[in-house]
Amino acid sequence: VSGLDRALAGLAAAGIAIGAAAAVTVATSDSLQTGVGFALITLFVGFSFIGAGLIAWRQRPDNRFGALMAAAGFTWFLAAFETSQIPALFVVGASVDTIFVVLTVQLLLSYPTGQLTSTRDRIVVGIGWLLGGVLIVVAVPFFDYNAEPWCTNCPENPLLISEHNAVVNTVLDVVSWIGAAVLLVVVGILVNRWAQARGPQRRAMAPVIWAGAVTFIASAVLLSIGASADKRDFEEWLASACSLIFATVPFAFLIGLTKTRAYRAGAVSELLGRLEHVPGPEELRDALARALGDRTLELAYWLPEGERFVDASGQHFELPGPESGRTWRFVERHGQRVGAIVYDGTRVIDDPALIDAVARAAALALENQRLDAALRARVEELSASRARLIMAVDEERRRLERDLHDGAQQRLVAHALNLKLARSALDRDPAEAAKLLDAAQKELQLALEELRELARGIHPAVLSERGLDAALGVLAARAPVPVDVEVHGEDGIPQPVQVAAYFVVAEALTNIAKYAHATRAEVRVARDNGAVTVEVADDGIGGADPSRGSGLRGLADRLSGLDGRLDVRSAPGQGTVVYAKVPLRA
Amino acid sequence: MGTAPGLRHNLTGMATTVLIVDDHAGFRASARRLLEACGYEVVGEAADGESAVQAAARLRPELMLLDVNLPDFDGFRVAERVTAEPGAPAVILVSSRDASDYGRRVESCGACGFCAKADLDPDRLAALVP
């Protein structure tokens, strides 16, 4: 027997005891409309609330609705003591009379979680406690019950300090009117809440909401006539009717609860049936949507390597933000996350056990489909990077054409013109011709140098002639800062991987020269477990953003074409490390 | 080298005035030397389209050597704007690319001819000017 069970058993015993005392008090009292009939109504209403409250509490310990129902039941029994002839009991009963109404308002507004979710609801309940709790209790020491015509048989008020019945009666009238208005507002909120709910959630809340709404309308009528006229008979009759209607709230709640359980059992067994054969992504989604009663349900598949979600087609999937009204439940299998069920929190019935059961039932199918989704995501990624590669090749060619046009070609044009001038000056002014020929030769030298530089950018000849180590040595020698180069295990690295490694180092050294403000750099190439790793580190200012530069992006695409990857670590003030890893067997 | 005096010297006997438009200073210098050696008077140079249009209006040259690829807008636009004015210079387009790269725009822009930069010489210019 758990601690909770013992506590609940204790509360049940206390409930029976106080209920018995209240029933005896009502049955034997001669102050108001009392007797056995009233005693039975009192017992029925009180036990309904306490019983249903304790049952709900036991089934859903994390839901405060059960505790609130039980509290309402106890308050109801305490209020019955206003029929007692014992002064102390009488004054307790008279004081908590309105607290019972306030508790029921809080109960209904917090249905089904037991918690008030909106500021508006908290304000309404706060007004209720201020009027029905604080104000009424504060008035007790200033009210002589015996002075009122309807309470001539009541016992003495033991808390009476001084009699101000006229003032208190006026206050009570005002409080009654405001109370009636508040109750009508509550009815409006409840009906609106019912109208907003959908599907199984609406069906589950309907009995509670409607029983509550009818009771509050009756209570509002009761408060307004109590405040305006002296129709005791009608008032008593309506109060009894009201109590009886309200006594259905706990049952309605219990019915909702069992409906939920029955619904859950049915939904889960139907879901398991649908998942028996291997479902496709669309079928799985439909089956889960049916089980949770939310047609807008979505499935997200977890990609552990990318640490992100994708949908069934492999497209990136972002979990909804808190203001979207949508919520999600992660699905795990053998302790590993495989995906998430994303649903509309306002449509899906509030039943954590149902959502747990659905998530468990879906885990296997979701895990199987995850591999397909991961594959599609990979295809997406590949075709995107292929498109980028083609674009990069085009861009590279445009750049080459521009470089040729602006560089070597211009120099050769000037060279041709200078030769023409020299030719025309040859006869009349040989010295001028010699000067022109010198200038022409200089232009030609520069053009040749530019062409060599360009050719190196297209493919480094030194790499194919003398290998990676030598090629990186040439890059290092041309860098503006001292560069330490270490190459281990160069033999057997395929040519495409060598070329990729060369361009990683070339791009990294270019960036160091342009942006890093470094004083030195290190280049390390090594073999690691069937892959080649390339690391270029500098001691510069860091803060490089690889997503901004097209150079690194192009390199990442080039590497992904070889199943490799590129990482850039560049915290501000801590230098930059460009790290690439390419498998030898692409 | 054969010559065409009709172009190099205008009807009043003065040297023909030329404006050179090209964004490469090296080409402008070579072209200026070549043209001056052959008796032309280079009255100005411009490195982009906008300053070319302004220089043409200010200097009123008789001939404009106009590069097609300019940094702001291309030589065709410059030719269209310049030749729309009364008393416009004869415009010769030059480029290090081939005329076939540009298609019909060469004929439709108002220029009277096209010359590859490497082929530039006074005889060729004289042949292009009507």
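Please refer to the structure placed before this passage.
Residues numbered from 1 in each chain as written. Chains lettered and ligands numbered in written order. Predicted model: local features only at pLDDT ≥ 70, side-chain atom pairs only at ≥ 80, totals over all residues. Heavy atoms only, no water.

Caption draft 1: Fine view of the sheet that holds strand S2 (residues 308-310) of chain A. Residue and element names in this part refer to chain A. The strand order across the open sheet built from five strands is S3-S2-S1-S5-S4, with neighbouring strands paired in antiparallel fashion. The sheet is open, and its two borders are formed by strand S3 (316-317) and strand S4 (326-333), each paired with just one other strand. One ladder, built from two bridges, connects S2 with S3; its direction is antiparallel. Bridge pairing in S3 places Phe 309 opposite Phe 317. Where helix H10 (residues 281-292) meets the sheet, its contacts fall on strand S1 (298-303) and strand S5 (336-344), and the angle it forms with S1 comes to roughly 125 degrees. This element, helix H11 (residues 352-425), spans S1, S2, S4 and S5 of the sheet and lies at about 90 degrees to S4. (Pairing = 2+ DSSP bridges. Helix = DSSP H or I, 4+ residues; strand = E, 2+ residues; numbered from the N terminus. Contact = heavy atoms within 4.5 Å. Axes fitted to C-alpha atoms, helices over the stretch in contact; angles between N-to-C directions.)

Caption draft 2: Geometry of the side chain of A:His415. Residue and element names in this part refer to chain A. Mapped onto the secondary structure, His 415 falls in helix H11. Judged by its relative accessible area of 13%, His 415 is buried. For His 415, the side chain forms a polar contact with the main-chain oxygen of Ala 440, separated by 2.8 Å. Once you skip the residues sitting within four places of it in the chain, His 415 turns out to touch Ala 440, Glu 443 and Leu 444. (Buried < 20%, exposed > 50% of the residue type's maximum accessible area, 1.4 Å probe, protein only. Polar contact = N/O pair within 3.5 Å; in protein donor to acceptor, adjacent residues only side chain to side chain.)

Caption draft 3: Inspection of the packing of aromatic side chains at higher detail. A complete count under the given rule lists 14 aromatic pairs over all chains for this structure. Between A:Trp328 and A:Phe330 the ring centres are 6.3 Å apart and the planes differ by 50 degrees, which places this aromatic pair in the tilted class. The class for A:Trp328 is partly exposed, based on a relative accessible area of 31%. By relative accessible area, A:Phe330 is classed as partly exposed at 27%. With a centroid separation of 5.3 Å and 85 degrees between ring planes, the pair formed by A:Tyr502 and A:Phe503 is classed as edge-to-face. Of the two residues, A:Tyr502 and A:Phe503, neither departs from the other in class, the shared state being buried. One aromatic cluster is present, formed by A:Trp302, A:Phe309, A:Trp328 and A:Phe330 through successive ring pairs. Here A:Arg337 stacks its cationic end above the ring of A:Phe330, 3.9 Å away from the centre of that ring. A cation over an aromatic ring shows up here: B:Lys117 above the ring of B:Phe27, its NZ or CZ 4.6 Å from the ring centre. (Phe/Tyr/Trp six-rings, centres within 6.5 Å; stacked < 30°, edge-to-face > 60°. Lys NZ or Arg CZ within 6 Å of the ring centre and 35° of its normal.)

Caption draft 4: Representation of the interface of chain A and chain B within the structure. Facing the 14 residues of chain A at the interface are 16 residues of chain B. Here chain A and chain B share an interface that buries about 1,400 Å² over both sides, 60% of which is from carbon and sulfur atoms. At the boundary of chain A and chain B, one finds one salt bridge. A salt bridge links B:Arg97 to A:Glu401, with the nearest nitrogen and oxygen atoms 2.7 Å apart. Our count for the chain A to chain B interface comes out at 10 residue pairs in polar contact (both at pLDDT 80 or more). (Buried area = accessible area lost by both parts, 1.4 Å probe. Salt bridge = Lys/Arg side-chain N within 4 Å of Asp/Glu carboxyl O.)

Caption draft 5: Local environment of the packing of helix H3 (residues 65-80) of chain A against helix H4 (residues 87-109) of chain A. Residues and elements named next belong to chain A. Look at H3 against H4: their axes get within 8 Å of each other, and the N-to-C directions meet at 155 degrees. The angle between H3 and H4 places the two elements in the roughly antiparallel class. As H3 runs across H4, the sense of the crossing is left-handed. The segment H3 lies against H4, with Phe 65, Leu 68, Met 69, Ala 71, Ala 72, Thr 75, Trp 76, Leu 78 and Ala 79 engaging Val 92, Gly 93, Val 96, Asp 97, Ile 99, Phe 100, Leu 103, Gln 106 and Leu 107. (Parallel < 35°, antiparallel > 145°, perpendicular 65-115°, else oblique. Left-handed = near helix turned anticlockwise from the far one by under 90°.)

Caption draft 6: Looking closely at the side chain of A:Ser110. All names here are of chain A. Mapping Ser 110 onto the fold places it in the loop between H4 and helix H5 (119-139). Of note is the side chain of Ser 110, whose polar atom sits 3.1 Å from the backbone oxygen of Leu 107. The contacts of Ser 110, once residues within four sequence positions are left out, are Phe 65, Leu 68, Gln 115 and Leu 116.

Caption draft 7: Local environment of the pairing of S5(A). Residues and elements named next belong to chain A. The buried fraction of S5 amounts to seven of the nine residues, a majority that puts the element mostly inside the structure. Sheet analysis places S1 next to S5, joined by four bridges and oriented antiparallel. Considered in S5, the bridge of Tyr 301 is made with Gly 339. Bridge analysis of S4 against S5 gives eight bridges, and the strand direction is antiparallel. Looking across to S5, one finds that Arg 333 is bridged to Gln 336.

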